[in-house]
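Residue strings, one per chain:
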Amino acid sequence: MIESVFLASAAAATVVLAILAFVVLPRLRDRQTLSSLRAFSNAIELRFPSYRGRSDEVCDLAVKLGRSRGMRGSELRDLEMAARLRDLGLVGIPYRTLNHRDPTDWTEEERGQHARHPEIGAEMLEQIESLARLSTVVLHHHVRFDRAIHAPPASYILAVVTGYVRERGLSGEAGAQAHLREESGAAYSPELVGQLLHLVERNDSRTHA
Amino acid sequence: MMQAAFSRPRRRSSAYVNVGPLVSVCAVLAIAGIVLSLVLHPIRPLTALDFAFAVGVIVFEMAAVRLPYAGIRFSVSLPLVAALALRVHPVVALSAEAGAVALAGWRFSQSLGSRVDGPRLFLNILGAVSVVSISGATSLFFSSDLVSSVTFCVLAMGLNALGARVIRARLESHARSPLDLLGWPTAVLGTLTYGFFSVGAAWFWTAGDVWQGAVMLGPIVLLAYAVHAHGRKQAQHQETMAALTLMLQRVHPYTHGHLERVARMAEEVGRRLGLGPRRSRMVRDAAILHDIGKIAIDEDVLDKPGRLTEEEFAHVKKHAEFGGQILEACPSFVEISRWIHAHHERPDGTGYPEGKRLDAIPVESRIIAVVDAFDAMVGGVSSSEKRGYREPMDIESALTELERCSGTQFDTAVVRVFREVIEDEVRS
């Protein structure tokens, strides 16, 4: 009699705890991870208001692009995290440089500082154990397709998406798409350009429908 | 066996003098238990299964869940130790446990790359030995296998918890109790589950039913995994804080060590004001992050040597609400974000950003305000307002200044408790 009580409750407890340990808790932790990364992008966007909203846009598009390329699960999650963290290194740039000065007026030094932000971001990420694996993606998130560097696939995705979002801010939707076509094969991989254009055109027609 | 307080004591030599009596008590108990159990019952012959249990004790002890931020180690070897004690003899069980704890402790030091802390390890081993010895001896008084199992497990878990608490108090370490960490419902439920299935496993194994006993391990192992997952969540929380402070360091370099000490004092103030252990720990986190909003402030203005203009000052004041905005997106920092938002409010209503009065300001914010001002005066981070305090003050002058501004800039009660904390800190 008592034996069956023990065995039955062990079976039940195992099932419940297994669901807790392998389904519920990981999902909670992932949600916590992603929302805590917002703290970093919030900090950057508060420091440099011209970047406001950009993090959400890039994140959104990068994930869509990744998914359409067949990325799933932890790979897709890492892409999303890297998208949130990519501009961490911008804290190294003086406040006035990005807020009070026109980029076209920048000195050599200021240009260099801005160019180094992926490096600085990667350096910072390496010091954090749970984020260190993303440092390579962040290091190369402005990688050019025509440079023979072995960057992770996620970096190429981030490069094309950030380029598109930036251009859209400067010269509108049409200008951004033109920029993509222009740089296809140069700054961005033709395959990614094609897929991204397909994605945004689909979005476009959806909003206009 | 279940948990061991392993974090380093704050003051080495005197702390180990403190545990002298504890060592004697444990030794006496251990010897009494061993002698009694040998008198009560001879050692039964060991079978292959028993060797397997002994190996299992070692494996489970080595695979203990470590919660570094809490300074405790959590192993679930109880069912196996109980089986050995009941099937063979408590003496055999405590030998296996002693070896396992020693090995695990040695390996832990190896993984940290540091030398083994002999006295601390010895204390942990002795504690484990005395727990098994007393529980084993007591359980030998009963003829029913089930009653013996229950006795052993309940005693072992109880003595273990008691021992860990005593060690924590004696070593004055910063180790936390599991109750503290997990909250009452989770801790109680977890303990009951662990105890229930340990009894089941020991009972089945004493009767020779190997597989039924093994089934009992299912929930126990999963429980340990869940504790481990909780540990990872906490570690991530700490890492987010570390990353944010890294960002702030890049913009506005400051001495982090000083901030850590100040944060610990804030936690102590919170505790003495009756905030409870969990909330006080959050106050500590808030104290570490309170100036995080400065990431979004022009560093040239922050570091400007002279007086600030109206406009510049208004800009700098934004760091309080920026701090709140940065953190409010994270679920584990939401409450802290509210405290940081209000950490420059003043009881007399002349603070910012909203000019709230005493009761509308969270007590946690009032604690941070005091701690922040003290930190600035004594020569830490240069606070945005305290430009007059360029020359670092000595502790007494800073405390006097805090008292002078009690009621207006600072909460009187908080200042009073803060003085007590500082004086205790200085005295030690």
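This structure is a prediction, so every number in the text was calculated from the model and none was measured.

**Student:** It is not clear to me how the overall build of chain A should be interpreted in this structure. Could you clarify?
**Tutor:** In terms of regular secondary structure, chain A is built from 9 helices and 0 strands. Listing each helix as α and each strand as β along chain A from the N terminus yields α-α-α-α-α-α-α-α-α. Relative to the compact-globule value of 17 Å for 209 residues, chain A shows a C-alpha radius of gyration of 21 Å, a clear excess of over 25%. Across the 209 residues of chain A, 45% fall into the buried class. Across chain A, every contact between residues at least 6 apart in sequence was considered, and the portion connecting residues at least 24 apart equals 60%. A total of about 10300 Å² of accessible surface is found on chain A, and carbon and sulfur atoms cover 54% of it. Put simply, chain A has 26 plus and 27 minus side-chain charges, and the middle of one group is 4 Å from the middle of the other.

**Student:** Whenever I open this one, empty space enclosed by the protein confuses me. Can you help?
**Tutor:** Empty space among the atoms can be located by rolling a probe the size of a water molecule over them. Residue and element names in this part refer to chain A. Scanning the model with the defined rule gives 3 cavities of 30 Å³ or more in all. Empty space within the second largest cavity amounts to approximately 80 Å³. Lining the second largest cavity are Ser41, Ile44, Glu45, Tyr51, Arg54, Ser55, Arg84, Arg86, Asp87 and Leu88. Among the elements that line the lining of the second largest cavity, the one with the most residues is helix α1 (residues 2-47), at 3 residues. The class makeup of the residues in the lining of the second largest cavity is 3 nonpolar, 2 polar and 5 charged.

**Student:** Where do I start with the nonpolar core in this structure?
**Tutor:** Generally speaking, a soluble globular protein has its nonpolar side chains buried in company with each other. Within the largest apolar cluster, 112 residues are counted, with the highest numbers of intra-cluster contacts made by A:Val161, B:Met247, B:Leu402 and B:Phe418. In terms of residue count, helix α8 (residues 153-183) of chain A provides more of this core than any other element does, 11 residues in total. Ignoring anything within four residues of it in the chain, the contact list for B:Phe418 reads B:Met265, B:Val269, B:Val370, B:Val371, B:Phe374, B:Leu399 and B:Leu402. Core analysis: the next-biggest nonpolar cluster, separate from the first, contains 53 residues, A:Phe6, B:Val76, B:Val132 and B:Trp205 among them.

**Student:** Help me understand the side chain of B:Thr206 in this model?
**Tutor:** Residue and element names in this part refer to chain B. Within the fold, Thr206 resides in helix α9 (residues 184-206). Of the polar contacts made by the side chain of Thr206, one reaches the backbone oxygen of Ala202; its length is 2.4 Å. If near-sequence neighbours (up to four positions away) are discounted, Thr206 is found in contact with Leu86, Arg87, Asp145 and Ser149.

**Student:** I keep staring at the layout of surface pockets and nothing clicks. Help me out?
**Tutor:** All names here are of chain A. Taken as a whole, the second largest pocket holds about 1100 Å³ of empty space. Together, 34 residues line the second largest pocket, and Tyr51, His114, His117, His142 and Arg166 are the ones closest to its centre. Looking at the lining of the second largest pocket, the elements with two or more residues in it are α5 (108-115), α6 (117-126) and α8. Per-element tally for the lining of the second largest pocket: the top contributor is α8, with 9 residues. Looking at side-chain class alone, the lining of the second largest pocket contains 14 nonpolar, 10 polar and 10 charged residues.

**Student:** What am I meant to see in the interface of chain A and chain B here?
**Tutor:** Frequently, the measure chosen for interface size is the accessible area removed from exposure when the parts meet. Every contact between the two is made by 42 residues of chain A and, on the other side, 43 residues of chain B. Overall, the association of chain A and chain B removes approximately 3900 Å² of surface from exposure, summing both partners, and the carbon and sulfur fraction of that is 72%. Put simply, chain A and chain B have 4 salt bridges between them. Among the elements of the structure, α1, α4 (95-99) and α6 of chain A are those that each provide at least two residues to the side of chain A that touches chain B. Here the residues of the side of chain A that touches chain B sort into 24 nonpolar, 11 polar and 7 charged.

**Student:** Would you mind going over the packing of helix α2 (residues 54-68) of chain A against helix α3 (residues 73-85) of chain A with me for this structure?
**Tutor:** Angle between the axes and distance between the axes are the two parameters that describe a pair of packed helices. Residues and elements named next belong to chain A. It is the contact of α2 with α3, at a shortest axis distance of 9 Å, that shows an interaxial angle of 155°. Regarding the angle of α2 to α3, the classification is roughly antiparallel. In terms of crossing hand, the pair formed by α2 and α3 is right-handed. Contacts between α2 and α3 pair Ser55, Asp56, Cys59, Ala62, Val63, Gly66 and Arg67 from the former with Leu76, Leu79, Glu80, Ala83 and Arg84 from the latter. In terms of residue class, the contact of α2 with α3 is built from 6 nonpolar, 2 polar and 4 charged.

**Student:** Can you walk me through helix α19 (residues 412-427) of chain B in this structure?
**Tutor:** Since the α-helix turns once every 3.6 residues, residues separated by three or four places project in the same direction. All names here are of chain B. Between the first and last C-alpha of α19 there are 23 Å, a value that for 16 residues agrees with the 22 Å anticipated at 1.5 Å per step. For α19, the full list of buried residues reads Val414, Val415, Val417, Phe418, Arg419, Val421 and Ile422. The N-cap of α19, judged by a side-chain oxygen 2.8 Å from the amide nitrogen of Ala413 a few residues on, is Asp411.

**Student:** How do you make sense of α2(A) when you look at a structure like this?
**Tutor:** All names here are of chain A. With 15 residues, α2 extends 21 Å between its outermost C-alpha atoms, agreeing within 8% with the 21 Å of an ideal straight helix rising 1.5 Å per residue. Within α2, the full set of buried residues consists of Ser55, Val58, Cys59, Leu61, Ala62, Val63, Leu65 and Gly66. Phi turns positive, to about 90°, at Gly70, one or two residues after α2.

**Student:** Any chance you could explain the packing of α6(A) against helix α10 (residues 210-251) of chain B here in plain terms?
**Tutor:** Close contact between α6(A) and α10(B) brings their axes to 10 Å; oriented N to C, the two are set at 135°. Viewed along their axes, α6(A) and α10(B) adopt a mutual orientation that is oblique. For α6(A) against α10(B), the interelement crossing comes out right-handed. Residue-level contacts link A:Ile120, A:Glu123 and A:Met124 of α6(A) to B:Leu246, B:Met247 and B:Arg250 of α10(B). Class assignment for the residues of the contact of α6(A) with α10(B) results in 4 nonpolar, no polar and 2 charged.

**Student:** Sorry, what's going on with the packing of aromatic side chains here?
**Tutor:** To describe a pair of aromatic rings, one takes the distance between the centres and the angle between the planes. Residue and element names in this part refer to chain B. Applying the stated criterion across every chain, the model contains 9 aromatic pairs over all chains. Here Phe374 and Phe418 contribute two aromatic rings whose centre-to-centre distance is 5.0 Å and whose plane-to-plane angle is 75°, an arrangement assigned as edge-to-face. Taken as a pair, Phe374 in helix α17 (residues 363-377) and Phe418 in helix α19 lie far apart in primary sequence, 44 residues in all. The buried category is assigned to Phe418, whose relative accessible area is 1%.

**Student:** Sorry, what's going on with the environment of B:Leu123 here?
**Tutor:** Residue and element names in this part refer to chain B. By the secondary structure assignment, Leu123 is in helix α6 (residues 118-139). Classification of Leu123 as buried rests on a relative accessible area of 3%. Considered as a pair, Leu123 and Ile336 are 213 residues apart in the sequence and their alpha carbons are 38 Å apart.

**Student:** I would appreciate a short explanation of the environment of B:Gly231 in the present structure.
**Tutor:** Residue and element names in this part refer to chain B. By secondary structure assignment, the location of Gly231 is in helix α10. The exposure class assigned to Gly231 is buried, which follows from its relative accessible area of 10%. For the pair Gly231 and Val426, spaced 195 residues apart in the sequence, the C-alpha separation amounts to 33 Å.

**Student:** Looking at this model, I keep getting lost on the pattern of salt bridges. Mind explaining?
**Tutor:** Two side chains that carry opposite charge are able to pair once their charged atoms sit near each other. All chains considered together, the criterion is met by 36 salt bridges over all chains. Between A:Arg116 and A:Glu119 there is a salt bridge; the shortest N-O distance is 3.7 Å. With a relative accessible area of 39%, A:Arg116 lands in the partly exposed category. With its nearest N and O atoms 2.7 Å apart, the salt bridge here joins B:Glu396 to B:Arg419.

So, how was this worked out
Residue numbers here run from 1 along each chain, matching the order of that chain's written sequence. Think of it this way: whatever chain is written first is A, whatever ligand is written first is 1, and the rest follow in order. Totals for whole chains, interfaces and linings use all residues, but because this is a predicted model, local features are given only for residues with pLDDT of at least 70 and pairs of side-chain atoms are given and counted only at 80 or more. In computing side-chain properties, one takes all heavy atoms of the structure into account and sets aside hydrogens as well as water. Only DSSP runs of H or I reaching four residues or more are called helices, and only runs of E reaching two or more are called strands; each is numbered from the N terminus. In this setup the radius of gyration rests on C-alpha atoms only. A globule is expected at 2.2 Å times the number of residues raised to 0.38. Only protein chains enter the calculation, and the probe is 1.4 Å; a residue is then buried if its accessible area is under 20% of its type maximum, exposed if over 50%, and partly exposed in between. The contact definition used throughout considers only heavy atoms, calling two residues in contact when any of these lie within 4.5 Å. What sets the accessible areas is the Shrake-Rupley method with a 1.4 Å probe; for residues, cover comes only from the shown protein chains. Positive: Lys, Arg. Negative: Asp, Glu. His and the chain ends are not part of the count. Charged groups are reduced to one reference atom each: NZ for lysine, CZ for arginine, CG for aspartic acid, CD for glutamic acid. Every definition here rests on a 1 Å grid over the protein atoms only: cavities are sets of points where a 1.4 Å probe fits but cannot get out, pockets are open sets enclosed by protein on both sides within 12 Å along at least five of seven lines, and lining residues have some atom within 4 Å of a point. Grid points are joined across faces, edges and corners, and a volume is the space filled by probe spheres set on the points. Asp, Glu, Lys and Arg are counted as charged, while Ala, Val, Leu, Ile, Met, Phe, Trp, Tyr, Cys and Pro are counted as nonpolar; the rest, among them Gly, fall into the polar class. By nonpolar core we mean a set of buried residues, namely Ala, Val, Leu, Ile, Met, Phe, Trp, Tyr and Cys, connected to one another through side-chain atoms within 4.5 Å. Polar contact criterion, stated in full: a pair of N or O atoms within 3.5 Å, where within protein one must be able to donate a hydrogen and the other to accept it, and residues adjacent in sequence count only if both atoms are side-chain atoms. Buried area, as used here, totals the accessible surface that two parts lose on assembly, with accessibility defined by a 1.4 Å probe and the loss added over both. Any carboxyl oxygen of Asp or Glu within 4 Å of a side-chain nitrogen of Lys or Arg constitutes a salt bridge here. What counts as an axis is a line fitted to C-alpha atoms, over the stretch in contact for a helix, and the angles between N-to-C directions run from 0 to 180 degrees. Note on terminology: angles under 35 degrees are roughly parallel, angles over 145 are roughly antiparallel, angles of 65 to 115 are roughly perpendicular, and the others are oblique. Should the near helix be turned counterclockwise from the far one by less than a right angle, the crossing is left-handed, whereas a clockwise turn marks it as right-handed. Between the first and last residue of a helix there are one fewer steps than residues, each counted as 1.5 Å, and that sum is the expected span. The aromatic pairing rule takes the rings of Phe, Tyr and Trp, using the six-membered ring of Trp, and pairs them if the centres are within 6.5 Å, calling planes under 30 degrees apart stacked, those over 60 edge-to-face and the rest tilted.

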